[in-house]
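Structural description and commentary
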Amino acid sequence: IISLSPSLPITRELMAATQQDAFSNLSPTSHPPSADSSSNFTMVFTRYVEVGRVVLINYGPEEGKLATIIDIVDQNKCLIDGPVNITGVTRQMISFKRIALTDLKADICRNARQKTLTKAWVDGKISETWEATSWAKKLSSKKKRAKLSDFGRFKVMVAKKEKNDIIAKKMKEISA
C-alpha cells in the first residue's frame, strides 16, 4: 500500500484501475485526424518567413521602417530590401530578431531587383494597406506623443479630463 496522506491510502489495484479508465477510449490502431479528414480546423499561425513578406524593422538604424524579405539566408538571417525609393531601406542582411512579420505580402520572386520590387509594392498598394492597419496607426500615435512638449502633454491631459466629465454627465443622465 502506497500512501500520499494518512487519510488517502492508494493501493496498486486502485492505480491500475484509474490508468485503465484513462486509456480505455484509445484503441491501439487509433491515429490523430489527418488533413484530408472531414474534421474542420483552421490554421492559427499565418505569418510565415517567406520571400515577399513585408516586415517592420524593430531595432537598429532603420527602426520603424518597412522592408520586404528578398531571400532567406539561414535560420537566423534574411536579406531584405525596402525598396529604397518608397521606404528608405537599402538591401541588407538582417537577423530575424530585429524584424517583425506583418500580414502583408508582396508578389515577387526570390532575389528580385529593385525595379521589380518597387512595381510589386505599387501594384499591391502595400504602403496604403499598411497605413490602414491598426498597428501602423498605433505606431504613428506613439510618434506623435513622443514629439509633444510639456505644454502639449498638459493640453492632452486637460482634454481627457473634459472628455471624461462629459461622459460622466451623460452616464449620470442615462442612469437617472
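Residues numbered from 1 in each chain as written. Predicted model: local features only at pLDDT ≥ 70, side-chain atom pairs only at ≥ 80, totals over all residues. Heavy atoms only, no water.

Below, the discussion takes up helix H5 (residues 134-147). Counted at 1.5 Å a residue, the expected span for H5 with its 14 residues is 20 Å, and the 20 Å between its end C-alpha atoms agrees. Among the 14 residues of H5, one are classified as buried, and the element is accordingly described as predominantly exposed. (Helix = DSSP H or I, 4+ residues; strand = E, 2+ residues; numbered from the N terminus. Expected span 1.5 Å × (residues − 1). Buried < 20%, exposed > 50% of the residue type's maximum accessible area, 1.4 Å probe, protein only.)

Moving on to unusual backbone geometry. At the junction of Gly 82 and Pro 83, the peptide bond is cis and its omega measures out at 5° in the coordinates. The backbone of Lys 125 sits at a positive phi, close to 50°, despite the residue not being glycine. Relative to the helices and strands, Lys 125 resides in the loop between helix H3 (114-124) and helix H4 (126-132). For Lys 125, a relative accessible area of 52% puts it in the exposed group.

Let's shift gears to a nonpolar patch on the surface. A contiguous nonpolar patch, built from Phe 41, Met 43, Val 44, Phe 45 and Tyr 48 and spanning about 610 Å² of accessible area, is present on the exposed surface. Here Phe 41 is to be found in the loop between helix H1 (12-22) and strand S3 (53-57). A relative accessible area of 52% places Phe 41 in the exposed class. (Patch = residues over 30% accessible without salt bridge, like charges linked within 9 Å, V, L, I, M, F, W, Y side chains within 5 Å. Areas by Shrake-Rupley, 256 points an atom, 1.4 Å probe, with all protein chains shown as cover. Salt bridge = Lys/Arg side-chain N within 4 Å of Asp/Glu carboxyl O.)

Looking now at the side chain of Asp 81. Structurally, Asp 81 can be placed in strand S5 (residues 77-81). Overall, the relative accessible area of 0% leaves Asp 81 in the buried class. Leaving out residues up to four positions away in the same chain, Asp 81 has contacts with Ala 67, Thr 68, Ile 70, Val 89, Thr 90, Arg 91, Gln 114 and Leu 117. (Contact = heavy atoms within 4.5 Å.)

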